[in-house]
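What follows is the residue order along each chain.
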Amino acid sequence: MGKADYFNDIHLRVIESNIIDNGKSDSIDSETKAIIDGYENKLQVDPYNCDLLLEYSQFLVKNNLYSKAINILLKLVNIDNKNKDGLRLLFYCSDHENKLYDEIKIEEMLKEIDENNHRLFYWLSELNFENGRIYNALKFINKSVNIDKDNDEYWKFYAYLQSVNKNDEGACRAWKEVLRIDPNNDIAKLNLAIALSTDGKHEEANKLFSNVNTKDSHSDLDLDLFIPYYLWNCIKLNLPTYYIDKIIQNHDFNFETIKRIHNNDIATIVYEYLGDYFSKKNNFSESIKIYKKAYNLSHSEGLKSKIIKNYIDISKGYISKGHNNEAVIYLKDALEFDPENETIKRIYKEINKKQERKRVLIASATISAILLLIGLFITYYYGHWRDYSGT
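Please read all numbers here as calculations on a predicted model, not as lab measurements.

**Student:** For this particular structure, what's the right way to read the packing of aromatic side chains?
**Tutor:** Both the distance between ring centres and the angle between the ring planes are used here to describe each pair of aromatic rings. Counted by the stated rule, this structure contains 14 aromatic pairs. Judged by centre distance (6.0 Å) and plane angle (20°), the rings of Phe121 and Phe140 are stacked. On the criterion of sequence distance, the pair formed by Phe121 in helix α8 (residues 118-130) and Phe140 in helix α9 (residues 134-147) is long-range, its members being 19 residues apart. Per residue, the accessibility class of Phe121 equals that of Phe140, and both read buried. Ring centres 5.1 Å apart and planes at 40° place the aromatic pair Tyr122 and Tyr154 in the tilted group. Pair noted here: Tyr122 is in helix α8 and Tyr154 is in helix α10 (residues 152-164), with a separation of 32 residues, a long-range link. Accessibility classification places Tyr122 together with Tyr154 in one group, the buried group. Of the aromatic side chains, those joined through ring pairs into one cluster are Tyr122, Phe129, Tyr154, Phe157 and Tyr160. Residue placement shows Lys139 over the ring face of Phe140; its charged tip is 5.7 Å from the ring centre.

Here's what the structure looks like:
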């Protein structure tokens, strides 16, 4: 059967008969009808012209002739199943407020056109996801991977959808398929490791994390997610501190990206470990900043104690060097964080007393110096006056 005959085949006529008419055809004005007739005549001459089919469908949508547009778009995607503009317009019609055409009809109609068209199902999965329909997106991508089991692009998208759907087991299965197809794919290793770790399979995840090539790898490798999840997995395995610290030392990443971890428990653990790491290195200002991020997620009393301890340590460090003004800045910040903390209040009170005594001593010394200068001036002036008067 040729393509021209295919459009007149019983399958397509069954499809077209199932489309609900929007009832607007009777109200088409003569000018619009003339343009439609013009498109129809052009398609009689060149029925496979995708640009013409898309242009025609866009005209129909512009004039609210959705059911007619759907007929043309179905022909378009049958000829070119990679035509994203056509597929998007098809979904626009389905989403129209009159609900002329829903996803169930799309699936039924496309199965009539070509039930093994895995590429078309992939695009439909993408479009469903773009429109917030995760269930339908999964349904269509599942069709794609079942038809073409060796397409890593399909499995990657399938894995991503499973992660969005918080199905770690499904994501693991999909990433394993990607690695079956491409065993050296570092992105797949990373994402599988993350999925395994969040599914509680930390030993298996750790082998993958340690095998990810972060030095000379694919440009899309997301190091800012790799390191936080790797750290968390190591922490959960109770690996030695020196091992975990080495990961931090060997990789440069932005701590701000930890907030991309949507699981607050994981993010809290990673933030707290990083706070401990900087605290051990006496970088208290950095550790306070990171501890606070963890505290904002969990409001743990243990974290609160660590933050206060770091405030005390950094303040005492400044006090020991005689930099009381800098110490006061951190103590004030600590009191804003925990206004009722007695230790901070005591240190703040002591340093204020010291500063007050210092101010009194400076003031006394200043007055004494002024009085001395006045005395010298008087003595000098009185001596010159006596010499001048001759007495």
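Okay, back to it.
**Student:** Even after reading the chapter, I still don't get helix α19 (residues 324-337), so can you show me in this structure?
**Tutor:** For an α-helix, 3.6 residues make a turn, and residues three or four places apart therefore share a direction. In a regular helix each residue adds 1.5 Å, so 14 residues correspond to 20 Å; α19 covers 20 Å between its end C-alpha atoms and thus fits that length. Listing the buried residues of α19 in full gives Asn324, Ala327, Val328, Leu331, Ala334, Leu335 and Phe337.

**Student:** What is the right way to read the packing of helix α18 (residues 301-320) against α19 from this model?
**Tutor:** The angle between the axes and the distance between the axes are what describe a pair of packed helices. Running from N to C, α18 and α19 point in directions that differ by 165°, and their axes come no closer than 8 Å. The angle between the axes of α18 and α19 places the two elements in the roughly antiparallel class. The two elements α18 and α19 meet at a crossing, and its hand is left-handed. Facing Lys304, Ile307, Ile308, Tyr311, Ile314, Ser315, Tyr318 and Ile319 of α18, the residues of α19 in contact are Asn324, Glu326, Ala327, Tyr330, Leu331, Asp333, Ala334 and Phe337. Counted by class, the contact of α18 with α19 contains 11 nonpolar, two polar and three charged residues.

**Student:** Help me understand the pattern of salt bridges in this model?
**Tutor:** If charged atoms from side chains of opposite charge come close, those side chains can pair. Using the criterion set out here, one finds 17 salt bridges in the structure. For the salt bridge of Lys33 with Asp37, the shortest nitrogen-to-oxygen distance reads 3.4 Å. In this pair, Lys33 and Asp37 both sit in helix α3 (residues 30-45), four residues apart, roughly one turn of the helix. Residue Asp37 is classed as partly exposed on the basis of its relative accessible area of 34%. Residue Lys304 pairs with Asp338 through a salt bridge whose shortest N-O separation is 4.0 Å. You can see Lys304 sitting in helix α18 and its partner Asp338 sitting in the loop between α19 and α20 (342-389), a full 34 residues away along the chain.

**Student:** Mind showing me how you'd approach the nonpolar core here?
**Tutor:** It is characteristic of soluble globular proteins that their nonpolar side chains tend to be buried jointly. Core analysis: the biggest nonpolar cluster contains 78 residues, and Phe209, Tyr229, Leu231 and Ile344 have the highest contact counts within it. The dominant element in this core, judged by the number of residues it contributes, is helix α14 (residues 223-236), at nine residues. Discounting chain neighbours no more than four positions away, the residues touching Ile344 are Ile308, Tyr311, Ile312, Leu331, Ala334 and Leu335. In this structure, Leu53, Leu54, Tyr56 and Phe59 belong to the second largest nonpolar core, which totals 22 residues.

**Student:** I keep staring at a nonpolar patch on the surface and nothing clicks. Help me out?
**Tutor:** A contiguous nonpolar patch, built from Ile367, Ile370, Leu371, Ile374 and Ile378 and spanning about 480 Å² of accessible area, is present on the exposed surface. Along the chain, Ile378 turns up in helix α20. A relative accessible area of 51% means that Ile378 is categorised as exposed.

Rules behind the numbers
- Residues numbered from 1 in each chain as written.
- Predicted model: local features only at pLDDT ≥ 70, side-chain atom pairs only at ≥ 80, totals over all residues.
- Heavy atoms only, no water.
- Phe/Tyr/Trp six-rings, centres within 6.5 Å; stacked < 30°, edge-to-face > 60°.
- Helix = DSSP H or I, 4+ residues; strand = E, 2+ residues; numbered from the N terminus.
- Buried < 20%, exposed > 50% of the residue type's maximum accessible area, 1.4 Å probe, protein only.
- Lys NZ or Arg CZ within 6 Å of the ring centre and 35° of its normal.
- Expected span 1.5 Å × (residues − 1).
- Axes fitted to C-alpha atoms, helices over the stretch in contact; angles between N-to-C directions.
- Parallel < 35°, antiparallel > 145°, perpendicular 65-115°, else oblique.
- Left-handed = near helix turned anticlockwise from the far one by under 90°.
- Contact = heavy atoms within 4.5 Å.
- Nonpolar A, V, L, I, M, F, W, Y, C, P; charged D, E, K, R; others polar.
- Salt bridge = Lys/Arg side-chain N within 4 Å of Asp/Glu carboxyl O.
- Core = buried A, V, L, I, M, F, W, Y, C linked by side-chain atoms within 4.5 Å.
- Patch = residues over 30% accessible without salt bridge, like charges linked within 9 Å, V, L, I, M, F, W, Y side chains within 5 Å.
- Areas by Shrake-Rupley, 256 points an atom, 1.4 Å probe, with all protein chains shown as cover.

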